[in-house]
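Structural features, examined
The lines below spell out each chain.
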Amino acid sequence: MSRSAHPAGPRHADVLPEGHYSAPPADLNALDPKVWSRTVERDERGVATVGGIAVTDLAEEFGTPAYFLDEADFRARCRAWAEAFGPDADVFYAGKAFLSRAVVRWLKEEGLNLDVCSGGELTTALSAGMPAERIAFHGNNKSEEEIEKAVSAGVGRIVLDSFQEIVRVAHAAQSLGKRQRVQIRVTVGVEAHTHEFIATAHEDQKFGIALAGGQAAEAVRRALKLDGLELVGIHSHIGSQIFDMAGFEVSARRVVQLLTEVRDEHGVELPEIDLGGGLGIAYTSEDDPREPHEIAKALNEIVSRECEAAGLRTPRISVEPGRAIVGPTAFTLYRVGTIKPLDGLRTYVSVDGGMSDNIRTALYDAEYSVGLVSRTSDAEPMLSRVVGKHCESGDIVVRDAFLPSDLAPGDLLAVPATGAYCRSMASNYNHALRPPVVAVRDGEARVVVRRETEEDLLRLDVG
């Protein structure tokens, strides 16, 4: 009996056509500030530093692979978003990008709110002292236990994602003697120009209640009738890693149309509109993300214009940047192991991590940059593929990059812009130990999420 090859094998092993990748950069030693966190630079020896600490020292103290989070950069980005939108809007950090108790404390201190989408994220937020009223709870299939926990804690809003959830939240609130503030997440039929798996606003997907066919309008009717709910607004999210504001304009127009219908039918002007997150960051030098003040100006103008045309009071705007805050603030540090030149093709550079600490390349075909950071080099560039140590041909960290041809085992490579989703989506595939997250600031480094140990693995394996 013949067997078909697993599609991941041949697909990921394909040799890219000539011209698919960019030409080598003019300077292999340059650290493009567009993709590296703000305090990263090279010292007089040519060694990269973050927060004033050399990566060679960090590797010696904390090992590799490891995520290094630039705390000063993280806090600066929080402040930039808060200042861009001002006191008349709300900025919710999307905790799914990366969440830890240290991050929660930074958010609280910098004045940002937090959205969570699981009981575990909610527990982390509350345990680190985030006020419940500054928390929003998301999710397309919240359990009854999660809903009860959120209502009992007094979260500031629950984003309703289905007709069943309207009833579940109302029942939980009434049982606890509370009136829960809620928003309804609608799918507006706008597909952001992004990967199919992370484009979330077209109708054929699992999130939200469709505007099409009057479903969202019916959800509003049901929510307004239930004593346990206080409907405060409409939520929309159109995708991830978005650079073009055109999708937000179409989305806002359709959401405002729904607000107009609600006013005309029920005599109620809902006071809030949440346009979600999904704003892109620079993973490579070719990416050109917008600054928070540009985003705030564009979104405020879009909503004000549409509301004025509809004769509505402008609602309070909320946004949910996650990747846009934490993504650029961290890099993953690896040590080079095996190097395999393939004549006429490329050189495979194996590092001591892989898809267990960054699944995004395999999952989304994501592109990353990579640099030699333990030294500088004047060697000629070589076309390289940085791969991990896992038993998968799709275990690729950086699909195509130019690295110095004198690269050797023991060298340190760093992949920037790994603050979002890499640790959050990390796994124990091949019983790998998930790396630590180390915060670096002003010459000091401290572990905020420790490295897993083999004892951790065995503790869960009850035998």
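Structure shown above.
This write-up is about the structure you can find in this document.

Here is what the cut-offs are and how they apply
- Residues numbered from 1 in each chain as written.
- Predicted model: local features only at pLDDT ≥ 70, side-chain atom pairs only at ≥ 80, totals over all residues.
- Heavy atoms only, no water.
- Helix = DSSP H or I, 4+ residues; strand = E, 2+ residues; numbered from the N terminus.
- Buried < 20%, exposed > 50% of the residue type's maximum accessible area, 1.4 Å probe, protein only.
- Polar contact = N/O pair within 3.5 Å; in protein donor to acceptor, adjacent residues only side chain to side chain.
- Contact = heavy atoms within 4.5 Å.
- Salt bridge = Lys/Arg side-chain N within 4 Å of Asp/Glu carboxyl O.
- Core = buried A, V, L, I, M, F, W, Y, C linked by side-chain atoms within 4.5 Å.
- Pairing = 2+ DSSP bridges.

Attention now moves to the side chain of Ser236. Structurally, Ser236 can be placed in the loop between β11 (229-235) and α9 (246-266). What makes Ser236 buried here is its relative accessible area of 1%. A polar side-chain atom of Ser236 sits 2.8 Å from a polar atom in the side chain of Ser251. With sequence-adjacent residues up to four places away left out, Ser236 is seen in contact with Val186, Val188, Ser251, Val255, Asp274, Leu275 and Gly276.

Right, let's talk about the pattern of salt bridges for a bit. Evaluated as defined, the whole model comprises 31 salt bridges. Across the pair Arg75 and Glu109 runs a salt bridge whose closest N-O atoms are separated by 2.7 Å. One end of the pair, Arg75, is in helix α3 (residues 71-85); the other, Glu109, is in helix α4 (residues 101-110), and 34 residues separate them in sequence. Judged by relative accessible area, Arg75 falls into the buried class, the value being 9%. Between Arg253 and Glu306 there is a salt bridge whose closest N-O contact spans 3.5 Å. One end of the pair, Arg253, is in helix α9; the other, Glu306, is in helix α10 (residues 292-310), and 53 residues separate them in sequence. Taking relative accessible area as the criterion, Arg253 reaches 37% and is therefore assigned partly exposed. One salt-bridge network, held together by shared partners, links Glu71, Arg75, Arg79, Glu109, Glu110, Arg441 and Asp442.

Another aspect to go through is the nonpolar core. Ranked by internal contacts, the top residues of the largest apolar core, which has 107 residues, are Tyr93, Ile184 and Leu413. In terms of nonpolar packing, the next biggest core, distinct from the first, is built from 23 residues, Trp36, Ala282, Phe331 and Val373 among them.

This brings us to the pairing of strand β19 (residues 412-416). The element β19 is extensively covered by neighbouring structure, given that 5 of its 5 residues are classed as buried. Residues of β19 alternate between two faces, with Leu412, Ala414 and Pro416 on one and Leu413 and Val415 on the opposite face, all of them buried. Alignment of strand β16 (residues 371-372) against β19, held across 2 bridges, turns out to be antiparallel. Counterpart to Gly371 in the pairing with β19 is Ala414.

Okay, the environment of Leu270 next. Inspection of the secondary structure puts Leu270 in the loop between α9 and β12 (272-274). For Leu270, a relative accessible area of 7% gives the class buried. Sequence separation of Leu270 and Gly213 is 57 residues, and the distance between their C-alpha atoms is 21 Å. The residues contacting Leu270, other than those within four sequence positions of it, are Leu231, Val232, Gly233, Ile234, Leu259, Val262 and Pro315.

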